[in-house]
Amino acid sequence: MTMNRTSRVPGVPTLPQGEQIARYPTYLEAQRAVDHLSDKEFPVQHVTIVGTDLQMVERVTGRLSYPRVALAGLASGAWFGLFVGVLLSLFASPEDTVLPILPAIAIGAAFGILFSVISYALTGGKRDFTSSSQIVASQYALLCASEHAHQARGLLGEIGGTVGGLGGARPAPVGAPSHPPVAPHPPQDVPPQPGEPVYPPQQPPTVPPQPPAGPQS
């Protein structure tokens, strides 16, 4: 199965192919659906998870200040110094095995604080916060090869997934008018707006003249 899966992955970026068999709001639900198909011995190498409406989300985790920057530089520098000290201790004599570690940690912490404070000062206060970024999709669609799409929909129906075919035009509701209503003629005393049709002025209905009444006898 690994060789078949590897052969399906294109060498260049291409759009996925197949019918949409389900759509889920989170990746965990889409992953659960594929796992369910795998448990049912469905050939999952024909299924693709596609995230749609991608958005870059940056979550602010805290505020930056000189003490916080110095503390972070101290921690990172100390870890680097510990690593260098352990390497030096491998080439030291058995009596001085621990001796290179402590100075290496101290020197690494000092340089870590120095470099972190200088780097933060060079930003000029333009970014006084820490954050983490990730790409998040609004929805996750499951695509499947056409010859296996019907079977996949049937299996996903067992877990109550959002199953459906390719999106198409929705039918009009019953009782809806087949043609849009025609707008009435605008009154004549209001000038037509740009783009509106101009209608001829409506003449009042003409009343035929009545014959004069004869003399009464």
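Treat the numbers as computed from the prediction; the structure is a model and nothing was measured.

**Q** Can you walk me through the sheet that holds strand β1 (residues 19-24) in this structure?
**A** Sheet architecture is open: three strands sit in the order β1-β3-β2, paired in antiparallel fashion. If you trace the sheet from one side to the other, it starts and ends with β1 and β2 (47-63), each paired once. With direction set aside, neighbouring strand axes in the sheet form an average angle of 30 degrees. Sheet topology places β1 next to strand β3 (residues 129-144); five bridges connect them, and they run antiparallel. Bridge pairing in β3 places Y24 opposite Y140.

**Q** Please clarify how helix α5 (residues 146-156) should be interpreted in this entry.
**A** Each turn of an α-helix holds 3.6 residues, which means side chains three or four residues apart point in the same direction. For α5, every residue scored as buried is listed here: H148, A149, A152, L155 and L156. Looking straight down α5, one finds its buried side chains confined to an arc of 135 degrees; they lie on one side. Turned more than 90 degrees away from the buried face of α5 sit E147 and H150, all of them exposed. Lining the buried residues of α5 we find β1, α2 (27-39) and β3.

Each value, and the rule that gives it
- Residues numbered from 1 in each chain as written.
- Predicted model: local features only at pLDDT ≥ 70, side-chain atom pairs only at ≥ 80, totals over all residues.
- Heavy atoms only, no water.
- Pairing = 2+ DSSP bridges.
- Helix = DSSP H or I, 4+ residues; strand = E, 2+ residues; numbered from the N terminus.
- Axes fitted to C-alpha atoms, helices over the stretch in contact; angles between N-to-C directions.
- Buried < 20%, exposed > 50% of the residue type's maximum accessible area, 1.4 Å probe, protein only.
- Arc of directions from axis to C-beta.
- Contact = heavy atoms within 4.5 Å.

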